[in-house]
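Understanding the architecture of this molecule
This is what each chain is made of:
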Amino acid sequence: MNDSSWGAPQGAGHRVAPEMQGAAAGPAYDVHDAQQTRPMPIVPDVPDAGRDAEDRDHRDQGAGRLSGGPLFRDEKPQEPMPTAPPPPPPPQKKRAGRDLGAAIGVGLGLGVLVVVSLFVVKAVFVGVIVLAVVVGLWELTSRLEERKGIKAPLVPLAVGGAAMIVAGYARGAEGAWIAMALTALAVLVWRMAQPPEDYLRDVTAGIFAAFYVPFLATFVAMLLKADDGPQRVLTFLLLTVVSDTGAYAVGWRFGKHKLAPRISPGKTREGLFGAVAFAMAAGALCMQFLVDDGSWWQGLLLGLAVAASATLGDLGESMIKRDLGIKDMGTLLPGHGGIMDRLDSLLPTAPVVWLLLVLFVGSG
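A quick note: this is a predicted structure, and the numbers were derived from the prediction, not measured. (Residues numbered from 1 in each chain as written. Predicted model: local features only at pLDDT ≥ 70, side-chain atom pairs only at ≥ 80, totals over all residues. Heavy atoms only, no water.)

1. Things to note about the pattern of salt bridges
- Going through the model one piece at a time under the given rule, you end up with eight salt bridges.
- Residue R232 pairs with D228 through a salt bridge whose shortest N-O separation is 2.9 Å. Take R232 and D228: they sit in the same class, and that class is buried.
- One salt bridge in this structure joins K267 and D314, with 3.2 Å as the shortest N-O distance. Residue K267 is located in strand β2 (residues 264-268), and its partner D314 is located in helix α10 (residues 296-324); the two are separated by 47 residues in the primary sequence.
- Three or more residues are tied together by salt bridges with common partners; here these are R191, D198, R201 and D202. (Salt bridge = Lys/Arg side-chain N within 4 Å of Asp/Glu carboxyl O. Buried < 20%, exposed > 50% of the residue type's maximum accessible area, 1.4 Å probe, protein only. Helix = DSSP H or I, 4+ residues; strand = E, 2+ residues; numbered from the N terminus.)

2. Remarks on the packing of aromatic side chains
- Using the criterion set out here, one finds six aromatic pairs in the structure.
- When the centroid spacing of 5.4 Å and the interplanar angle of 20° are considered together, the rings of F211 and F215 count as stacked. A residue pair is termed a helical-turn pair when its members lie 3 or 4 positions apart in one helix, as F211 and F215 do in helix α7 (residues 199-224) at four residues.
- The class of F211 is partly exposed, set by a relative accessible area of 38%.
- Its relative accessible area of 4% is what places F215 among the buried residues.
- Their ring planes at 90° and their centres at 5.7 Å tell us that F215 and F219 sit as a pair that is edge-to-face. Remark: F219 and F215 occur in helix α7; sequence separation between them is four residues, near one turn of the helix. You'll find F215 and F219 in the same group, each marked buried.
- Among the aromatic residues, those joined into a ring-pair cluster are W177, F211, F215, F219 and W354.
- The ring centre of F254 lies 5.1 Å from the NZ or CZ of R253, which sits over that ring. (Phe/Tyr/Trp six-rings, centres within 6.5 Å; stacked < 30°, edge-to-face > 60°. Lys NZ or Arg CZ within 6 Å of the ring centre and 35° of its normal.)

Treat this as a map of the structure, not an account of what it does.
Structural data, given as structure tokens:
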């Protein structure tokens, strides 16, 4: 028996079951009895706070199981197992960046050519200097035109450069300066045959090339002019080569601190110290045993000066090549680049060696 059978009123729309219709037609029921009968109170469902909290706990635990969270409130989430770091890559050996075998072979070949021409006939070595100057001018002017559109006239530069070398050997510094002035004038006149656009730019580059390559090389011819000229030239070449070799060897093995990273990232301070040490040692030996009336302490000063000038010359050409956006001035010498890539440290060192030898032992 449900709660609705306890005194539920029958309204107008209330239907009487067929089986009850006979009973309804029987004797009327007592209204007094009906009034004594009260409906059973309907008690609303009141949620049990404790049970609801427990149900929520079970729901939370179920959600935790589904989401991978903790099963209990005081349980901490499990942290992922740490993965082992990948093994470090094996150390790579330093590389020279050039074909070392070709570089050594070409260097030895050039050394033999220089020594043979130097000690057989002085005039032959003067021809070697002229050839190197003309090729160097061709490389420099070609790169200027290719990369910057600068048309420095090669013909007057080549003729004037050769004249500078010969004049320096025959007449000394006076002859070299006169040949330099005439070469600059020839560059100005030669460029007039072309349209005037960029005239100033082209002649400025031409005069710079005349000074940078043939005029500085003239001091090598002036070294050769002395009585012990071959020994002086050999000292100049040995100190420059030893300085470059010391810088390369020490910098490659111990170099960590960059010397001029924006100009030449490969050069280091440790390499500069190596250049100074090697050049000073070689200078002491050369001045003591090669140059007439030379002394070992003079060689120390000479080696220090050569290391400084050779490094500055190398940085100077590196600046030019960076401005032009190239790595080498040419490809004539395998493993070395071009002629200008070998003359970069020799050219600015020549006047330094010439001047110090004149001060130490005279012009000869």
